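# Observations on the three-dimensional arrangement
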Amino acid sequence: MMKLPKLFLFAVALELASCQSPTIAPLADHALLPYPNTVRSGESALNINTIQNLSIDADFSDLGQQIAQEWEMHTTNALEVTEAGNAQLRFSLDDQVDGSEEAYSLEIDKKKIVIKAKAEVGLFRAWQTLKQLITLRQLTPEKDYLPTGVIQDNPVYAYRGTMLDVSRHFFSVDEVKRYIDLIAPYKINYLHLHLSDDQGWRIEIKSWPELTRVGGSTEVGGGEGGFYTQEQYKELVDYAQKQFITLVPEIDMPGHTNAALASYAELNCNGKATDLYTGTEVGFSTLCVEKEVTYQFVEDVIRELSAMTPGPYIHIGGDESHVTPKKDFITFINRVYDIVPKYNKIPIGWDEVQLADMPQPSVAQYWANAENALAAKQKGAKILISPAAYAYLDMKYDSLTVSGLKWAGYVPLEKGYSWNPDALVDGIENADILGVEAPLWSETISNSPEMEYLAFPRLLGYAEIGWTMPSIRQWEAYKKRLAVHGKLLDQKGVNYYKSPAIAWE
Ligand code: TNX
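Everything numeric here is computed off the predicted structure, so don't read it as measured data.

Take the environment of Thr324 next. Relative to the assigned elements, Thr324 resides in the loop between β13 (313-315) and α9 (326-339). On a C-alpha basis, the gap between Thr324 and Gly416 in space is 33 Å, while along the polypeptide they are 92 residues apart. Thr324 has contacts with Pro254, Thr286, Val289 and Phe329, leaving out every residue within four places of it along the chain. There is a polar contact of 2.8 Å between the side chain of Thr324 and the side chain of Thr286.

Okay, here's the thing in structure tokens:
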């Protein structure tokens, strides 16, 4: 055995005894994304192996177990979960935390981690920050150490969403779950599912079973399509809810309805079912606005959908109804607006819905037409910001991108990141805005790798636009943080676009 000099052993013992922590990068210099709204760095470090227990209110013991499990996965040491409020990793409710229910404070000192929020959702968001910090530390030589300091954080917008079009191409329950897993760490809190369109009806409606039997049987390009049973849909609702993501189901109408019109002859003005459609044109279909059965259909669909939807919103579509005469469109949307509140839901519609009398509360989703957004605001609606030219995930990055469209122009990473929702449309200000959503339409994508290529890494930028104050968002700094996140996406096997604008690590 090699002999070590006595003096050396003494020095090692002394070092261990004094628990000297290494000098590591300050808290504020970590690649947190979305970047927290205030970060104060301390000067020291915490060894995560010294954290042995977690305390959380008994009401949130499920969340406590979930966090303990994830902690063990990320650090390899197990945590004892207790209700007593003085553990080394401490989660507690506190009304004094500044901001919304999602706001939180996270304080790391040399011995413990203290997290406070007004509500469970804030504790969950704080855990996403802490988990990300742990993962980022593991990319460094001092992977067992967290920097000390304090984060106080509160999102800029209440709604930070993405949309997945499961109609043009169907995505399975497992594919949607994976998408949920990938967006939750970035604090996205709404997932809008575009459940019906000309090419496919994807949600079981028990009172109108042909919708899925016929309307769900194909997709763009003629593939076999698919649909979610109500049980599967509820499984998705619950899966998302565990990560504090709310599903927003959309039934697009009166246009974008060929799949329904092919399933039921009576929904057509001429009483004849249409053929199924597997192309990518838009704007050729409409429900028959004059027939009473149309409204029975709409009410049945909204009733069944509301029963599966614990979240506050139902999306009624309303876009590109090019073959519905304007006055019929208005009549139709007004009737839908009478139905949705009966089921205690708030309607969201694409910005064309401003032609109708917008009820209160209601939401208009701005996607291309600023005048529509302004008119909707005048009628008392809140605006959800989804500008195609900046935030459509299905726009190609550049001329080399294989999948995707380009009708709103290319959206390279810098263009997707460097804009401010509050300054986009003259007359639409922060107080008018519910939030930001990045939609992913699926005419050109049919599986998870293709979906991930368009969504990532752009979606991280939209997550930050939704969460972080504009004064903190700087492209140059973001680029550096994003480069580090490439590694985290690699660890998850995400097929993201390795933009040459980023110096990927
Ligand atoms: C426009 S945006 C649409 C969709 C298409 C999308 C493709 C909107 C409300 N309607 O029907 O899928 O463009 O980018």
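The subject of this paragraph is the site of the ligand. Around the ligand, 14 residues are found, and the nearest of them are Arg168, Tyr392, Asp394, Trp407 and Glu443. In this structure, an oxygen atom belonging to the ligand sits 2.8 Å away from a side-chain N or O atom of Arg168. One of the side-chain nitrogen or oxygen atoms of Asp319 is found 2.9 Å away from a nitrogen atom of the ligand. In the complex, 98% of the free accessible area of the ligand, which totals 360 Å², lies under the protein chains. Within the shell around the ligand, the residues separate by chemical class into eight nonpolar, one polar and five charged.

This next bit is on helix α2 (residues 61-75). Its 15 residues give α2 an end-to-end C-alpha distance of 20 Å, which sits within 8% of 21 Å, the value for a rise of 1.5 Å per residue. Those residues of α2 that fall on the buried side of the exposure criterion are Leu63, Gly64, Ile67, Ala68, Glu70, Trp71 and Thr75. Looking at the buried residues of α2, the elements they touch are β2 (53-55), β3 (80-82), β4 (89-93), β6 (113-117) and α3 (120-137). Just downstream of α2, Thr76 is the residue with a positive phi angle, here 65 degrees.

This part takes up the sheet that holds β4. Within a sheet, each strand pairs with its neighbour through backbone hydrogen bonds, oriented either parallel or antiparallel. Pairing is mixed across the open sheet formed by seven strands, whose spatial order is β1-β7-β5-β6-β4-β2-β3. The open sheet has two edge strands, β1 (38-47) and β3, and neither has a second partner. Averaged over all adjacent pairs, the angle separating strand axes in this sheet is 15 degrees, with direction ignored. Relative to β4, β2 is paired through two bridges, and the arrangement is parallel. Each residue of the ladder has a partner; that of Ser55, found in β4, is Arg90.

Below, the discussion takes up empty space enclosed by the protein. The final tally for this structure, using the stated rule, is one cavity of 30 Å³ or more. In this structure, the largest cavity occupies an estimated 40 Å³ of space. Of all elements in the fold, only α12 (413-417) and α14 (458-467) reach the threshold of two or more residues within the lining of the largest cavity. Broken down by class, the residue content of the lining of the largest cavity amounts to five nonpolar, two polar and one charged.

Here His169 shows up in the loop between β8 (159-165) and α4 (173-183). For His169, a relative accessible area of 9% corresponds to the buried category. Polar contacts involving the side chain of His169 include one to the main-chain carbonyl oxygen of Ser442, which spans 2.6 Å. Once residues within four sequence positions are removed from consideration, His169 is found in contact with Glu219, Val220, Ser442, Glu443, Ile445 and Ser446.

A few words on the layout of surface pockets. Each pocket or cavity is described by its volume, and for the largest pocket that value is around 460 Å³. Lining the largest pocket we find 20 residues, and of these Glu70, His74, Lys131, Pro185 and Lys492 sit closest to its centre. Elements supplying a minimum of two residues to the lining of the largest pocket: α2, α3, α4 and α15 (475-491). No other element matches the five residues that α2 contributes to the lining of the largest pocket. Looking at the lining of the largest pocket residue by residue, the class counts come to six nonpolar, nine polar and five charged.

Further remarks concern the side chain of Gln365. Along the chain, Gln365 falls in strand β15 (residues 363-366). At a separation of 2.9 Å, a polar atom in the side chain of Gln365 contacts the side chain of Ser386. Residue contacts for Gln365: discarding those within four places in its chain leaves His192, His315, Ile348, Gly349, Trp350, Asp351, Leu384, Ser386, Glu437 and Pro439.

The element strand β7 (residues 145-153) is largely enclosed, with a buried count of eight among its nine residues. Bridge count for β1 against β7 is seven bridges, and the pairing is antiparallel. By the bridge assignment, Val39 is partnered in β7 with Ile151. Relative to β7, strand β5 (residues 104-108) runs antiparallel, the two sharing five bridges.

Below, the discussion takes up the domain arrangement of the chain. Partitioning the chain into structural domains gives domain 1 (26-153) and domain 2 (159-491). Taking the mean C-alpha position of each, domain 1 and domain 2 sit 33 Å from one another. The partner domain 2 presents 24 residues to the 23 residues of domain 1 that form the contact. The contact between domain 1 and domain 2 buries some 2100 Å² in all, and 63% of this surface belongs to carbon and sulfur atoms. For the pair domain 1 and domain 2, the interface holds one salt bridge. Across the pair Glu102 and Arg160 runs a salt bridge whose closest N-O atoms are separated by 2.6 Å. Applying the counting rule to domain 1 against domain 2 returns eleven residue pairs in polar contact (both at pLDDT 80 or more). Every element with two or more residues in the side of domain 1 that touches domain 2 is listed here: α2 and α3. With nine residues, the single largest contributor to the side of domain 1 that touches domain 2 is α3.

So, how was this worked out
Residues numbered from 1 in each chain as written. Predicted model: local features only at pLDDT ≥ 70, side-chain atom pairs only at ≥ 80, totals over all residues. Heavy atoms only, no water. Helix = DSSP H or I, 4+ residues; strand = E, 2+ residues; numbered from the N terminus. Contact = heavy atoms within 4.5 Å. Polar contact = N/O pair within 3.5 Å; in protein donor to acceptor, adjacent residues only side chain to side chain. Near = heavy atom within 4 Å. Areas by Shrake-Rupley, 256 points an atom, 1.4 Å probe, with all protein chains shown as cover. Nonpolar A, V, L, I, M, F, W, Y, C, P; charged D, E, K, R; others polar. Expected span 1.5 Å × (residues − 1). Buried < 20%, exposed > 50% of the residue type's maximum accessible area, 1.4 Å probe, protein only. Pairing = 2+ DSSP bridges. Axes fitted to C-alpha atoms, helices over the stretch in contact; angles between N-to-C directions. 1 Å grid on protein atoms, 1.4 Å probe; cavity = no way out; pocket = protein on both sides within 12 Å on 5 of 7 lines; lining within 4 Å. Points joined across faces, edges and corners; volume = space filled by probe spheres on them. Domains from an automatic or database assignment. Buried area = accessible area lost by both parts, 1.4 Å probe. Salt bridge = Lys/Arg side-chain N within 4 Å of Asp/Glu carboxyl O.

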